[in-house]
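# Per-entry structural report
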Amino acid sequence: MSVTLAAPASLAGYKALMSVLPAPDDGATAAACARDAVLTKPPGALGRLEEVVRWLAAWQGRAVPVAERLKIVVFAGNHGVAARGVSAFPAEVTVQMVENFRRGGAAINQLAQCFGADLGVVSLQLDRPTADFCTGPAMSEEELLAALAAGWEAVTPGLDLFVAGEMGIANTTSAAALAAALFGAQGGSAGWCGRGTGLDDAGLARKEAAVALALHCHDGHLADPFEALRRLGGREVAAMTGAILRARIERVPVLLDGFIACAAAGVLERARPGALDHCMAAHLSAEGAHGRLLAALNKEPLLSLNLRLGEGSGAGVALGLIRAAVACHAGMATFAEAGVSGG
């Protein structure tokens, strides 16, 4: 049962939710394990597919989980820091790609269609980039709340699985700054910046300088994860945070996509360890610090395909594994049903 259906009206409301997060259904997990134990295979023979089933069972509350109501939402936002030359593409590409999503022409459209997922696109004030976080907070509190609410409202109760994707030129810079603030400790910005969509050495140097400057600018104000999100995040990053939190409240399992999605999710993990128990990491991307961030979140990725597209594409590919795990668990015969010895 949901704690609330409406998005909280204040940051205090979001923070209050962190103390009432629902727990996994241990009874459903045990029942799923009991069924797995009598299927016609050696114990553990399906490897991590069995882990996927246990995870889905725990959050769907079903001994035999399903993968029918799958939803991917791509959140799009623009960033003021893009003016510092931290991306290989200009900011207008965000608007152009949103139109591409809506016309069905992007990779995520094909993956959604391939695996039977509904795809939504949420455009977040693309004509108003966030402020340059190297000189001040990226968002006001009101802007942050609006972005969190946009993500919150994108999650439909009763889903079997949710994926948050993103589009936003310069959003790997925002994610790097946010991840460094959340998990960098005394290391600052070192090692958190990667090449994103294909930066050359000069572009990477500008990106590293921007993240270091941002952390210096906001030094002393980043201990609160939601405040770090306000100061260093983007609208689409905050929307993913809101969506992942709503999914936990609704007991909807979440497949985490790449570096940006994991940075957005990291806000919740820093606010309360274990807040991402309903999440599984879909893949390890080509972004250099993604593995470091996954380790901080204590997540082992299902795939490693050298993807660096965003859009939710890595999680979209992993939907095939989700469907495979569910199909085996639901459709395989038991030893007794098959008349096979050894069960």
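Quick note: structure is the one above.
Residues numbered from 1 in each chain as written. Predicted model: local features only at pLDDT ≥ 70, side-chain atom pairs only at ≥ 80, totals over all residues. Heavy atoms only, no water.

## A few points about empty space enclosed by the protein
Rule in force here: With a 1 Å grid spanning the protein atoms alone, the term cavity applies to any set of points in which a 1.4 Å probe fits but cannot get out, the term pocket to an open set with protein on both sides within 12 Å along at least five of seven lines, and the term lining residue to any residue with an atom within 4 Å of a point. Grid points are joined across faces, edges and corners, and a volume is the space filled by probe spheres set on the points. Every helix listed is a DSSP run of H or I at least four residues long, and every strand listed is a run of E at least two residues long, numbered separately from the N terminus. Throughout, the ten residues Ala, Val, Leu, Ile, Met, Phe, Trp, Tyr, Cys and Pro are labelled nonpolar, Asp, Glu, Lys and Arg are labelled charged, and all others, Gly among them, are labelled polar.
Using the criterion set out here, one finds one cavity of 30 Å³ or more in the structure. Taken as a whole, the largest cavity encloses approximately 40 Å³ of empty space. Around the largest cavity, the lining residues are D36, L39, K41, L46, L49, E50, V53, A325, C328, H329 and M332. Those elements that place two or more of their residues in the lining of the largest cavity are α3 (48-60) and α13 (313-331). Of the residues contributing to the lining of the largest cavity, the split by class is seven nonpolar, one polar and three charged.

## Some remarks on helix α12 (residues 290-297)
Our working rule: Burial classes follow relative accessibility: with a 1.4 Å probe on protein chains only, a residue under 20% of its type's maximum area counts as buried, one over 50% as exposed, and anything between as partly exposed. The directions from the helix axis to the C-beta atoms form the arc being described. Should any heavy atoms of two residues lie within 4.5 Å, those residues are considered in contact.
Residues H290, L293, L294 and L297 constitute the buried set of α12. Seen from one end, α12 has its buried residues packed into an arc of 100°, which puts them on one side. Residues of α12 that are buried sit in contact with α7 (171-183), α11 (259-271), β5 (279-281) and β6 (283-284). With its phi angle positive at about 60°, N298 sits one or two positions after the end of α12.

## A short note on the nonpolar core
Nonpolar side chains tend toward joint burial in soluble globular proteins. To keep it simple, the criterion reads: Take the buried residues of types Ala, Val, Leu, Ile, Met, Phe, Trp, Tyr and Cys, join any two whose side-chain atoms come within 4.5 Å, and each joined set is a nonpolar core.
Counting 77 residues, the largest nonpolar core has F75, F162, W192, L245 and L293 as the members making the most contacts within it. Sequence-distant contacts of F162, that is, excluding residues within four places in its chain, are made with K71, V73, A154, V155, A243, V252, P253, V254 and L255. Counting 38 residues, the second largest nonpolar core, distinct from the first, contains W59, A67, L302 and L319.

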